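Spelled out from the first residue to the last, the chains are:
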Amino acid sequence: MKQEIKYNTDNELKAKIEKWLEELSSERRYSPHTIDAYARDLSFFTEFFETPLSLKKLSRLDVKDFRAYISRRAAKHLSKSSLAREISTLRSFFRWLDKNDIVKNTAIDVINSPRQDKILPRSLDVSQAFELLNESPNFSKKSWTGLRDRAIFTLLYGCGLRISEALSLNFGDIEPNTQLLRITGKGNKTRLVPILSEVIDTITAYINECPYNFNQGDALFLGTRGERLSPRIIQRQMQKIRAYLGLPDNLTPHALRHSFATHLLAEGTDLRSIQELLGHASLTTTQRYTDVEIETLQKEYRKARLLDDK
């Protein structure tokens with residue numbers, strides 16, 4: 001059970017914090033998980049000070065105060081990403097205070113976020129991806145659940161969906177006539193994704209063999225008891241498949257989304273288009289795939305050199 005969030009502030013500042021969080025939720029449509037993280041970040045910040053913070057005290061904080069707080073948090077061995085998020089939370093809150101003519105203090109903008117270690121997205125090569133799709137029906141006890149698994153994996157790879165997006169689909173969401181899929185992604189943002197006829201065929205094969213009847217608006221992908229399928233089931237199936245194919249132990253269903261983006265980039269698709277297909281809010285996120293592509297080219301080059309040396 002999560003600990004209750006408390007702020008070491010007076011009532012006026014607490015009200016401003018709650019108003020800011022409410023705006024993030026209602027206007028910017030941040031997820032409850034993100035709102036909770038931001039609230040806890042501010043809670044840690046206010047608890048750093050011996051006496052309750054007020055708007056007046058916020059206006060008087062200087063760079064040394066922020067650096068002292070960040071040093072205290074870093075001493076708790078937070079990850080770089082967690083520390084960077086806490087700094088980002090403070091920047092965002094102080095900018096909101098400034099924008100609304102509540103408090104003006106730009107000292108936090110002087111604080112640099114820790115440099116993040118570059119983690120490249122995991123992806124499969126094309127042959128591995130198709131081998132995984134072809135083998136996926138063979139790891140279920142029932143024929144229809146095997147077809148279901150293949151349809152889901154094909155959606156992840158063929159449309160670049162997140163596993164949560166695929167499993168939230170309802171019957172009727174896919175219209176074969178338009179071959180477009182309307183996806184509700186992070187932050188309740190919607191995007192249109194083209195869906196290949198091959199992907200539709202795998203979904204149709206699953207629907208035709210599924211023992212349950214479908215009505216408009218029902219969950220599309222079902223468990224054996226007829227309930228909406230849990231992501232954990234697909235994660236377990238991926239574990240079985242990767243063990244059989246000898247794929248890396250850390251490969252997850254999300255790797256198919258990464259593979260979708262990496263393979264499109266290799267075929268010459270521009271980054272802006274890939275950004276739209278993936279539903280990334282920032283192009284910076286999509287640019288990670290250029291590093292993946294460069295790494296792939298380097299591997300192929302090294303392999304070619306080894307062949308030449310023989």
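Preceding this paragraph is the structure being described.
The structure presented is a predicted model; accordingly, all values stated were derived computationally and were not measured.

A. A look at the pattern of salt bridges. With the rule as written, the count across this model stands at nine salt bridges. When the shortest N-O distance is used, the salt bridge between Arg-95 and Asp-109 registers 3.4 Å. Taken together, the positions of Arg-95 in helix 5 (residues 80-99) and Asp-109 in the loop between helix 5 and helix 6 (126-135) put the pair 14 residues apart, joining distant regions of the chain. The shortest N-O distance in the salt bridge between Arg-191 and Glu-165 comes to 2.8 Å. Of this pair, Arg-191 sits in strand 3 (residues 190-194) while Glu-165 sits in helix 8 (residues 163-167), and the two are 26 residues apart along the sequence. Given a relative accessible area of 8%, Arg-191 falls into the buried group.

B. Local environment of helix 12 (residues 271-278). Looking only at helix 12, the buried set comprises Leu-271, Ile-274, Gln-275, Leu-277 and Leu-278. Taken down its axis, helix 12 places every buried residue within 165 degrees of arc, on the same side. Exposed side chains of helix 12 directed beyond 90 degrees from the buried face belong to Arg-272 and Glu-276.

C. Focus on empty space enclosed by the protein. For the coordinates displayed, the defined rule picks out one cavity of 30 Å³ or more. Size it by volume and the largest cavity reaches roughly 50 Å³. Taken together, Leu-13, Ile-17, Leu-42, Phe-45, Thr-46, Leu-53, Leu-58, Phe-93 and Phe-94 make up the full set of residues lining the largest cavity. Counting only elements with at least two residues in the lining of the largest cavity, the list comes to helix 1 (11-26), helix 2 (32-47) and helix 5. Top element by residues in the lining of the largest cavity is helix 2. It accounts for three residues. Taken together, the residues that form the lining of the largest cavity break down as eight nonpolar, one polar and no charged.

Here is what the cut-offs are and how they apply
Along each chain, residue indices are assigned from 1 in the same order as the chain's sequence is written. Where totals are concerned, whole chains, interfaces and linings use all residues; where local detail is concerned, this predicted model gives features only for residues with pLDDT of at least 70, and gives and counts side-chain atom pairs only at 80 or more. Only hydrogens and water are set aside; all other atoms, that is, all heavy atoms of the structure, feed into the side-chain values. The working definition used for a salt bridge is a side-chain nitrogen of Lys or Arg within 4 Å of a carboxyl oxygen of Asp or Glu. Helix and strand assignments follow DSSP, with helices taken as H or I runs no shorter than four residues and strands as E runs no shorter than two, numbered in order from the N terminus. Using a 1.4 Å probe on the protein chains alone, a residue whose accessible area is under 20% of its type maximum counts as buried, one over 50% counts as exposed, and one in between counts as partly exposed. Think of it as the arc spanned by the lines of direction from the helix axis to the C-beta atoms. Lining residues are defined by having an atom within 4 Å of a point belonging to a cavity or pocket. Those points lie on a 1 Å grid over the protein atoms alone, cavities being sets where a 1.4 Å probe fits but cannot get out and pockets being open sets with protein on both sides within 12 Å along at least five of seven lines. Grid points are joined across faces, edges and corners, and a volume is the space filled by probe spheres set on the points. Residue polarity follows a fixed list, in which Ala, Val, Leu, Ile, Met, Phe, Trp, Tyr, Cys and Pro are nonpolar, Asp, Glu, Lys and Arg are charged, and the others, Gly among them, are polar.

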